[in-house]
Amino acid sequence: MVFLGGHLCTPVLWEAQCRALSDVADCLPLELAGGDTMRALARAALARAPDRLSLVGLSMGGHVAMEIMRQAPERVERLALVDTRAGVDSPERLRARERDARRVATEGFDALAAELPSRWMSASNAARPGLRDRVLAMVRSVREDTREDQIRALRSRIDSRPFLPAIACPTLVLCGRQDAPNPVWMHEEMAALIPGATLKIVEDCGHLSPVEQPDAVSSALRNWLGHDTPGTPEPSRYVR
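The numbering scheme is per chain: residues are counted from 1 as the chain's sequence reads. In view of the model being predicted, local features appear only for residues whose pLDDT reaches at least 70, and side-chain atom pairs are presented and counted only at 80 or more, with totals across whole chains, interfaces and linings using the full set of residues. Note that the side-chain values use all heavy atoms of the structure and ignore hydrogens as well as water.

J.: Give me the lowdown on the overall build of the protein chain, citing residues and values where you can.
T.: Per the secondary structure count, the protein chain includes twelve helices and six strands. Here the globule rule reads 2.2 Å times residues to the power 0.38, and the radius of gyration is calculated from C-alpha atoms. In summary, the protein chain has a C-alpha radius of gyration of 17 Å against a globular reference of 18 Å for 240 residues, a match within 12%. Relative to its full complement of 240 residues, the protein chain shows a buried share of 52%. For the accessible areas, the method is Shrake-Rupley and the probe is 1.4 Å, while residue cover comes only from the protein chains on display. Total accessible area computed for the protein chain in this model is approximately 10500 Å², and 52% of it derives from carbon and sulfur atoms. The charged-residue count follows a simple rule in which Lys and Arg add positive charge and Asp and Glu add negative charge, with His and chain termini not counted at all. The location of each charge is read from NZ of Lys, CZ of Arg, CG of Asp or CD of Glu. When the 31 basic and 32 acidic side-chain charges of the protein chain are each reduced to a single mean position, those positions are 2 Å apart. Each helix corresponds to a stretch of at least 4 residues labelled H or I by DSSP, and each strand to a stretch of at least 2 residues labelled E; elements are numbered beginning at the N terminus. Exposure is judged per residue with a 1.4 Å probe applied to protein chains only, and the accessible area is read against the type maximum: over 50% gives exposed, under 20% gives buried, and values in between give partly exposed.

J.: How would you sum up the sheet that holds strand β5 (residues 171-176)? Please name residues and give values.
T.: For two strands to be treated as a pair, DSSP must find no fewer than two bridges joining them. Taken in spatial order, the six strands of this open sheet run β2-β1-β3-β4-β5-β6, and their pairing is parallel. Among the strands making up the open sheet, the edge pair consists of β2 (28-30) and β6 (198-202). For this sheet, the mean angle separating the axes of adjacent strands, direction not counted, is 15°. Direction of pairing for strand β4 (residues 76-82) relative to β5: parallel, over a ladder of four bridges. Note that in β5 the partner of Val82 across the bridge is Leu174. Here, residues are in contact when the closest pair of their heavy atoms is within 4.5 Å. Throughout, an axis means a line fitted to C-alpha atoms (over the contacting stretch in the case of helices), and angles, computed between N-to-C directions, take values from 0 to 180 degrees. On the sheet, helix α3 (residues 60-71) packs against β1 (2-4), β3 (53-58) and β4 and is oriented at approximately 140° with respect to β3.

J.: Before we move on, could you go through the packing of aromatic side chains and cite the residues and values that matter?
T.: Aromatic rings from Phe, Tyr and Trp, with only the six-membered ring used for Trp, were paired whenever their centres fell within 6.5 Å, and each pair was classed as stacked if the ring planes differed by under 30 degrees, edge-to-face if by over 60, and tilted otherwise. Taken as a whole, this structure holds one aromatic pair when the rule is applied. Taking the centre distance of 4.9 Å and the plane angle of 40° together, the rings of Phe3 and Trp14 count as tilted. Of this pair, Phe3 sits in strand β1 while Trp14 is found in the loop between β1 and α1 (15-20), placing the two residues eleven residues apart along the sequence. Pair check on accessibility: Phe3 and Trp14 agree, each one buried. Positioned over the ring face of Phe163 is Arg70, at 4.8 Å from the centre of the ring. Put simply, a charge is over a ring when the Lys NZ or the Arg CZ is close to the ring centre, within 6 Å, and near the line of the ring normal, within 35 degrees. A cation over an aromatic ring shows up here: Arg147 above the ring of Phe109, its NZ or CZ 3.8 Å from the ring centre.

J.: An account of the side chain of Glu67 is needed here, citing residue identities and associated values.
T.: With respect to the element layout, Glu67 can be found in helix α3. With residues near it in sequence (within four places) discarded, Glu67 still touches Met38, Arg39 and Ala42.

J.: Give me the lowdown on helix α10 (residues 184-193), citing residues and values where you can.
T.: The periodicity of an α-helix, 3.6 residues per turn, causes residues three or four places apart in sequence to face the same way. Every buried residue of α10 is listed here: Val184, Met186, His187, Met190 and Ala191. Viewed end-on, α10 has its buried residues packed into an arc of 155°, placing them on one side of the element. Exposed residues on α10 whose side chains face more than 90 degrees from its buried face are Trp185 and Ala192. Buried residues in α10 make contact with β4, β5 and β6. In this description, the arc belongs to the directions extending from the helix axis to the C-beta atoms.

J.: Outline the confidence of the model for the protein chain, supporting the account with residue identities and numerical values.
T.: Looking at any residue, its pLDDT shows the predictor's confidence there, from 0 to 100. Summarising the model, the protein chain shows a mean pLDDT of 93, and 95% of its residues fall at 70 or more. Below pLDDT 50 for its whole length, residues 231-240 participates in 24 contacts with residues either more than four positions away or in separate chains.

J.: I'd love a proper account of helix α2 (residues 38-48), names of residues and values included.
T.: Buried within α2 we find Met38, Ala40, Leu41, Ala42, Ala45 and Leu46. Buried positions along α2 lie against β1, β2, α3 and α9 (144-156).

J.: Give a description of the environment of Asp215 that names residues and reports values.
T.: Residue placement: Asp215 occurs in helix α12 (residues 214-224). For the pair Asp215 and Val184, spaced 31 residues apart in sequence, the C-alpha to C-alpha distance is 20 Å.

J.: Quick one: what's the story with the pairing of β4, residue by residue and with numbers?
T.: Burial runs high along β4: seven of the seven residues are buried. Bridge count between β3 and β4: six bridges; the pairing is parallel. Among the inter-strand pairings, Leu53 is bridged to a residue of β4, identified as Val76. Viewed along the sheet, the connection from β3 through α3 into β4 turns out right-handed. Whether a crossover is right-handed comes down to one check: with the strands pointing away from the viewer, does the path from the first strand over the helix to the second run clockwise; if it does, it is right-handed.

Here's what the structure looks like:
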């Protein structure tokens, strides 16, 4: 089971899910590194992944997951798209990225990083000091060259919506009710385009659902894998 986090995320994002699902899956959380395009990042992830996998992608990791579905759909047995979007950035969002880039250039990355927990998480979760500090530590641990490669990949990505109807594996589309960067309607759109997709909305939750509501996300992923209760035996090394 391969986990792909978002921009400025590390495998720390998925710690709760890796623990919760360890009885039914071998979990491999990956940082998005190894290229500055979605195609290159997808190739890098596939090079580290098993031949057959269940694939979970959050935010930018969802963009990479959709690129993997174009490059190697035969390798993906299940797909989960979490707090992401299939379309490209709006002009307003592109302008916001440019403002962030100018701020980093003039004030340093920490000035931007300090704002991200409030931008990403629901208000109630962003107010939790321990959780806020954990997200800040994760963001600050990402290498500068990786940050820059990720931004270039985000700016150059394509619209994945025309490709969604071709997805043939069991697919979960999940998001937080208060996801501001990628709101619920975007997930409803993706779920409508993917044949047979399941849509799950997590309450009291923003853009970082795996850390904001870890139990709810782990439960949804367990059901997606076909296991309703902990401890169900799994006959295969990787969930099929």
